[in-house]
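Results of the structural survey
Spelled out from the first residue to the last, the chains are:
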Amino acid sequence: MLSNTEIEALEDILFAEPWGEEALDFFGLHGVVCASVVGPVSLTAEDIFRLATGMDQLPASGVPEVFSSAVTKLADAMRGELTMGQPPELPEPEDGDPMNALENWCAGFVDTFLENEEQWLTGDEDETANLLVPMMALSGLFDDEDFRKARESDKLSRQMADAIPDTLTDLYLLFHAPE
């Protein structure tokens, strides 16, 4: 996992000009990296940077080395956990609202899915769609009535949040386990 210093360095990059207003926070970035690890498309640091900053193109200076290094370390740690049969550990906010942090995480995850939706849905589309429900509902990205009701219900949103770690393991196995 990343140290607090590495997380702060990432957030300094994410909240920098000119993309700071559009960028994801660390929780959203973690969701992007997690989707890259569990899903069918392994993203490059450049792809992750583009998604995390909301930019269409990379800056002329390229992706900062600190960002590439931290993203690689985070992805490797997640892959290691999943390979050992452990769900990836989701980041917890040190202060503030854990559901808001989870919403940001889910939004990053779902953005990554939507960016590569065709590849995600080429296998067992129904199973994939069912596994994505907790992240989609809690992301706040969809104005669907059922998703809104799930977010507004403390009990249902907590059940969905609690299901996410096992869901990530199931997605990883769906896309990465041999037949």
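Here, the structure is the one placed above.
Heads up: these notes are all about the structure in this document.

Along the protein, the regular secondary structure elements total 9 helices and 0 strands. Along the protein, helices and strands appear, N-terminal first, in the series α-α-α-α-α-α-α-α-α. On the principal axes, the C-alpha backbone points of the protein span a range of 40 × 40 × 30 Å. Each of the 179 residues in the protein was classed as buried or not, and the buried ones make up 44%. Sequence separation of at least 24 residues holds for 68% of the intrachain contacts in the protein that already meet a minimum separation of 6. When the accessible surface of the protein is totalled, it reaches about 9,500 Å², and 46% of it is carbon and sulfur. Distance between charge centres in the protein, computed from 8 positive and 38 negative side chains, equals 6 Å.

For the structure on display, the rule yields 6 salt bridges. Two residues, Lys 149 and Glu 145, come together in a salt bridge whose shortest N-O distance is 3.2 Å. Here Glu 145 and Lys 149 lie together in helix α8 (residues 145–152), a separation of 4 residues that amounts to about one turn. Among the residues examined, Lys 149 registers a relative accessible area of 47% and is labelled partly exposed.

This paragraph deals with unusual backbone geometry. Most peptide bonds are trans, and most residues other than glycine sit at a negative phi. Here the amide bond leading from Glu 17 into Pro 18 is cis, since omega sits at 5°, within 30 degrees of zero. Within the secondary structure, Pro 18 sits in the loop between α1 (4–14) and α2 (26–38).

Before going further, it helps to examine the side chain of Thr 128. Along the polypeptide, Thr 128 turns up in helix α7 (residues 125–139). Filtering out sequence-adjacent residues up to four positions away, Thr 128 remains in contact with Trp 120, Leu 121, Leu 171, Leu 174 and Phe 175.

Inspection of the secondary structure assignment puts Asp 47 in helix α3 (residues 45–53). Separated by 11 residues in sequence, Asp 47 and Ser 36 have C-alpha atoms that sit 9.8 Å apart.

Further remarks concern the layout of surface pockets. Reported here for the largest pocket is a volume of approximately 370 Å³. Every residue lining the largest pocket is counted, 16 residues in all, and those nearest its centre are Asn 4, Ile 7, Phe 26, Glu 92 and Glu 94. Secondary-structure elements contributing two or more residues to the lining of the largest pocket are α1 and α2. Class assignment of the residues belonging to the lining of the largest pocket gives a composition of 9 nonpolar, 2 polar and 5 charged. When its volume is computed, the second largest pocket comes out at roughly 210 Å³. Lining the second largest pocket are 13 residues, and of these Leu 90, Pro 91, Glu 92, Leu 102 and Arg 158 lie nearest its centre. Counting residues per element, the ones that place at least two in the lining of the second largest pocket are α5 (98–115) and α9 (154–176).

Conventions adopted
Every chain begins its residue count from 1, and numbering advances along the sequence as written. Local features are withheld for residues below a pLDDT of 70 in this predicted model, meaning they are given only at 70 or higher, and side-chain atom pairs are given and counted only at 80 or more; totals for whole chains, interfaces and linings count all residues. Side-chain calculation: all heavy atoms of the structure are included, whereas hydrogens and water are not. We count a stretch as a helix when DSSP gives it H or I for four or more residues in a row; a strand needs E for two or more, and each element gets its number in order from the N terminus. When a residue's accessible area, from a 1.4 Å probe over protein chains only, is under 20% of the maximum for its type it is buried; when over 50% it is exposed; and in between it is partly exposed. The contact rule is simple, with two residues in contact once any of their heavy atoms fall within 4.5 Å. Using a 1.4 Å probe, the Shrake-Rupley method yields the accessible areas, and only the shown protein chains count as cover for residues. Asp and Glu are treated as the negative residues and Lys and Arg as the positive ones, with His and the ends of the chain left uncounted. Lys charges are placed at NZ, Arg charges at CZ, Asp charges at CG and Glu charges at CD. Think of a salt bridge as a Lys or Arg side-chain nitrogen and an Asp or Glu carboxyl oxygen that are within 4 Å of each other. Of the two site types, the cavity is a set of points on a 1 Å grid over the protein atoms alone where a 1.4 Å probe fits but cannot get out, and the pocket is an open set with protein on both sides within 12 Å along at least five of seven lines, each lined by residues with an atom within 4 Å of a point. Grid points are joined across faces, edges and corners, and a volume is the space filled by probe spheres set on the points. The nonpolar class holds Ala, Val, Leu, Ile, Met, Phe, Trp, Tyr, Cys and Pro. Asp, Glu, Lys and Arg form the charged class, and all remaining residues, Gly among them, are polar.

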